[in-house]
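# Reading the structure
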Amino acid sequence: MAEKFERHRQPWRPDEIQKLHTLAGKGMALKAIAKALTRSEESVKDRARADGLKIARLR
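Below is a summary of the structure that appears in this document. (Residues numbered from 1 in each chain as written. Predicted model: local features only at pLDDT ≥ 70, side-chain atom pairs only at ≥ 80, totals over all residues. Heavy atoms only, no water.)

A few words on the pattern of salt bridges. Applying the stated criterion across every chain, the model contains 6 salt bridges. A salt bridge links Asp15 to Arg13; the nearest nitrogen and oxygen atoms lie 3.1 Å apart. Using a relative accessible area of 45% as the deciding quantity, one classes Asp15 as partly exposed. The exposure class of Arg13 is partly exposed, given its relative accessible area of 42%. Each of Arg13, Asp15, Glu16 and Arg39 takes part in one network of salt bridges that share partners. (Salt bridge = Lys/Arg side-chain N within 4 Å of Asp/Glu carboxyl O. Buried < 20%, exposed > 50% of the residue type's maximum accessible area, 1.4 Å probe, protein only.)

As a further point, take the environment of Leu30. Tracing the backbone shows Leu30 in helix H2 (residues 30-37). Given the relative accessible area of 17%, Leu30 is considered buried. For the pair Leu30 and Ile55, spaced 25 residues apart in sequence, the C-alpha separation works out to 6.1 Å. (Helix = DSSP H or I, 4+ residues; strand = E, 2+ residues; numbered from the N terminus.)

Moving on to the nonpolar core. The biggest cluster of nonpolar side chains holds 10 residues, and these are Trp12, Ile17, Leu20, Leu23, Ala24, Leu30, Ile33, Ala34, Leu37 and Val44. Residue assignment for this core shows that the elements contributing at least two residues are helix H1 (14-25) and H2. Leaving out residues up to four positions away in the same chain, Ala34 has contacts with Arg39, Ser40, Glu41 and Val44. (Core = buried A, V, L, I, M, F, W, Y, C linked by side-chain atoms within 4.5 Å. Contact = heavy atoms within 4.5 Å.)

Looking at the largest pocket, its volume works out to about 310 Å³. Leu30, Lys45, Ile55, Ala56 and Arg57 are the residues nearest the centre of the largest pocket, which is lined by 14 residues in total. Residue assignment for the lining of the largest pocket shows that the elements contributing at least two residues are H2 and helix H3 (41-51). No other element matches the 4 residues that H3 contributes to the lining of the largest pocket. Split into classes, the residues belonging to the lining of the largest pocket amount to 7 nonpolar, 1 polar and 6 charged. (1 Å grid on protein atoms, 1.4 Å probe; cavity = no way out; pocket = protein on both sides within 12 Å on 5 of 7 lines; lining within 4 Å. Points joined across faces, edges and corners; volume = space filled by probe spheres on them. Nonpolar A, V, L, I, M, F, W, Y, C, P; charged D, E, K, R; others polar.)

Okay, structure coming up:
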């Protein structure tokens, strides 16, 4: 069963955006970034796309 996120539809804080940029820059996988930010993979993917970031896929 998928993990439940209590932060549903919460706006992104500047520190979370910075962390997303840092982790994506290091080549971290989507699942790992989502877990580190305690956000859903879909939320992370949408924010990364909006910011023009590339996120590594699991191989």
